[in-house]
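Structural overview for review
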Amino acid sequence: DFEGKDLLQIIDWAEANLPYLAYKNNNLLLGAIGGSYGGGYQHLIYAIDPMHRLDAIAPEITWNDLRYSLYSGNVFKSYWATLLSAVGNSGGGQDDIVNTELARGLSTNNISEEGLALLYRNSLASHCAGENDSTADGHLSKIDALYWQSARDTLFNMNDLVNNVKCVSALGGDVRMLTKINGHDSGTGEACGALDKTQSIVDWYDEKLKGITAKASYIPKFCFTLGETDGDGVVTSAVPKAEASFQVPATSVVAQQGSVQPAASIVLSKIAAGGAILAGVPKMQLSISDATPGALEAGDPIVFIGIAVRKAGATADTLSMANQVRPVRGYGDFDIELTGLNVRLAENDEVRLLIYPAFNMRYPTSGSKPAAPVSVEGMVQLPLLPATLAGWAWSSRGRPTNLAPAPR
């Protein structure tokens, strides 16, 4: 409503005052870069500019739907909401509704319908659904987009990436999806395997804006970085589907805010000889009921679900993506996406489902009040891939040469 119009005025000013700008078919040649809000502003211009002056974008670690980012599973993501509001208030002038919703979320673990509408309106998702066209000056159109995201990012995760790519791809542009390590609270890697993010963006705009034929042709349509350091990554022809199904037997958990109980740990799969790769967005169908059969389902149970790996010979589980969990609230049947992941698995590693009674790292005030003993059961589908998928081999000059087997 305000900042978007400011951005359009900046572009208008540039066109009126900078004679050296380049044009094609009487339309400004324009690209953009940036991560987090730096990706969000690209979507904002893309969505509301009636002249469609953006020819290509390169958003990083940005959101698709703020309702999902801050209120996934109808559970208030109190860690990030508090941090972001503190930063917003430090400069003064933050919208009162944001502070009102923060107070509501911290005290009741809810966001009002007005607050959710605000989050949705300021998300690409609402434009993808065509629900914002009547209030904005523009509408989405075909565009080329190079997306980089971190599956380890607990603010804007791989699910945001997949939904952005799905939306923009449907409009017919050249859209590519790559993952890296660095995110809002993850490591420092800025590559997919050995494919450097910065160089890819430079080559992307050499092709898309300067017209250098095939300059970005080496950038894969889909690339998943694996592990906690650069160097290991695999390419696929599409987002891998979650097709390997595993049963989750009835498991008792006492959901309670602030609980330090260990998570319930259920073995889903033991990896066979040769290893495997997990890359994509897992799914789960689950049922949550009172732990006492036939008892009245009372209260407000909330559990937090994550995919973990227990390394061969180990006795402890490690979340495949640090601090990545999906909250589930209430009794009944649910059909959900778990948070996306990308990890290489070795022979005899165990892929496990963890069911947490609380998750104090990212949801410190958003657990069950009072305690709620529940039984959880269902089915998990994982995007399990062969370990022999190809990765990128690079020449000594830092340019891609050919596909080669990914490192073991």
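Just above sits the structure.
So, here is what we can say about the structure in this document. (Residues numbered from 1 in each chain as written. Predicted model: local features only at pLDDT ≥ 70, side-chain atom pairs only at ≥ 80, totals over all residues. Heavy atoms only, no water.)

Another aspect to go through is the environment of glycine 274. With respect to the helices, strands and loops of the structure, glycine 274 is situated in the loop between β12 (264-270) and β13 (276-280). By relative accessible area, which is 48% here, glycine 274 ends up partly exposed. Taking C-alpha positions, glycine 274 is 53 Å from tyrosine 23, a pair spaced 251 residues apart along the chain. (Helix = DSSP H or I, 4+ residues; strand = E, 2+ residues; numbered from the N terminus. Buried < 20%, exposed > 50% of the residue type's maximum accessible area, 1.4 Å probe, protein only.)

Here we take up a nonpolar patch on the surface. Taken together, the side chains of Tyr79, Leu83 and Val87 present a nonpolar region at the surface, about 250 Å² in accessible area. With respect to the secondary-structure elements, leucine 83 resides in helix α4 (residues 78-90). Among the residues examined, leucine 83 registers a relative accessible area of 37% and is labelled partly exposed. (Patch = residues over 30% accessible without salt bridge, like charges linked within 9 Å, V, L, I, M, F, W, Y side chains within 5 Å. Areas by Shrake-Rupley, 256 points an atom, 1.4 Å probe, with all protein chains shown as cover. Salt bridge = Lys/Arg side-chain N within 4 Å of Asp/Glu carboxyl O.)

Strand order in the open sheet made by the three strands is β19-β13-β22, with antiparallel pairing throughout. What marks the edges here is a single partner per strand, and that holds for β19 (341-345) and β22 (384-386). Neighbour-to-neighbour, the strand axes of the sheet open up by a mean angle of 25°, direction not taken into account. As paired elements, β13 and β22 share three bridges and run antiparallel to each other. The partner of isoleucine 277 across the bridge, within β22, is leucine 385. (Pairing = 2+ DSSP bridges. Axes fitted to C-alpha atoms, helices over the stretch in contact; angles between N-to-C directions.)

Our focus in this paragraph is the packing of aromatic side chains. Within the structure shown, the criterion is met by five aromatic pairs. Look at tyrosine 79 and tryptophan 80: their rings are 5.3 Å apart centre to centre, the planes differ by 85°, and that puts the pair in the edge-to-face class. The exposure class of tyrosine 79 is partly exposed, given its relative accessible area of 30%. Between the aromatic rings of phenylalanine 304 and tyrosine 363, the centroid separation amounts to 5.1 Å while the plane-to-plane angle is 45°, which identifies the pairing as tilted. Of this pair, phenylalanine 304 sits in strand β15 (residues 302-310) while tyrosine 363 sits in the loop between β20 (350-356) and β21 (372-382), and the two are 59 residues apart along the sequence. What makes phenylalanine 304 buried here is its relative accessible area of 0%. A network of ring pairs unites the aromatic residues Tyr37, Trp63 and Phe156 as a single cluster. Lying across the ring of tryptophan 204, lysine 208 places its NZ or CZ 4.9 Å from the centre. Between arginine 362 and the ring centre of tyrosine 79, over which it is positioned, the NZ or CZ distance is 4.1 Å. (Phe/Tyr/Trp six-rings, centres within 6.5 Å; stacked < 30°, edge-to-face > 60°. Lys NZ or Arg CZ within 6 Å of the ring centre and 35° of its normal.)

What follows is about the nonpolar core. Core analysis: the biggest nonpolar cluster contains 67 residues, and Tyr147, Val168, Leu268, Met284, Val303, Ile307 and Leu353 have the highest contact counts within it. The leading source of residues in this core is helix α8 (residues 158-169), at six residues. The contacts of leucine 268, once residues within four sequence positions are left out, are Phe246, Gln247, Val248, Ile307, Val351, Arg352, Leu353, Val380 and Leu382. In this structure, Cys192, Ile201, Tyr205 and Cys223 belong to the second largest nonpolar core, which totals 15 residues. (Core = buried A, V, L, I, M, F, W, Y, C linked by side-chain atoms within 4.5 Å. Contact = heavy atoms within 4.5 Å.)

Looking at the element boundaries, serine 69 is found in helix α3 (residues 66-71). Serine 69 gets classed as buried once you look at its relative accessible area, which sits at 0%.

This part takes up the packing of α4 against helix α5 (residues 96-108). For the pair α4 and α5, interaxial distance at closest approach is 10 Å and the crossing angle is 150°. The orientation of α4 relative to α5 falls into the category roughly antiparallel. Along this stretch, α4 crosses α5, giving a crossing that reads as left-handed. Every residue of α5 that contacts α4 at Ser78, Ala81, Thr82, Ser85 and Asn89 is listed here: Val98, Asn99, Leu102 and Leu106. (Parallel < 35°, antiparallel > 145°, perpendicular 65-115°, else oblique. Left-handed = near helix turned anticlockwise from the far one by under 90°.)

Here we come to the pattern of salt bridges. A side chain with one charge may pair with a side chain of the opposite charge, provided their charged atoms come close. Tallied over the full model, the rule gives 26 salt bridges. Among the salt bridges present, the one from glutamate 190 reaches lysine 180, with a minimum N-O distance of 3.1 Å. Here glutamate 190 is found in the loop between β6 (175-180) and β7 (191-192), whereas its partner lysine 180 is found in strand β6, with ten residues between them in sequence. Here the salt bridges share partners, and the residues they tie into one network are Asp144, Asp174, Arg176, Glu207, Lys208 and Lys221.

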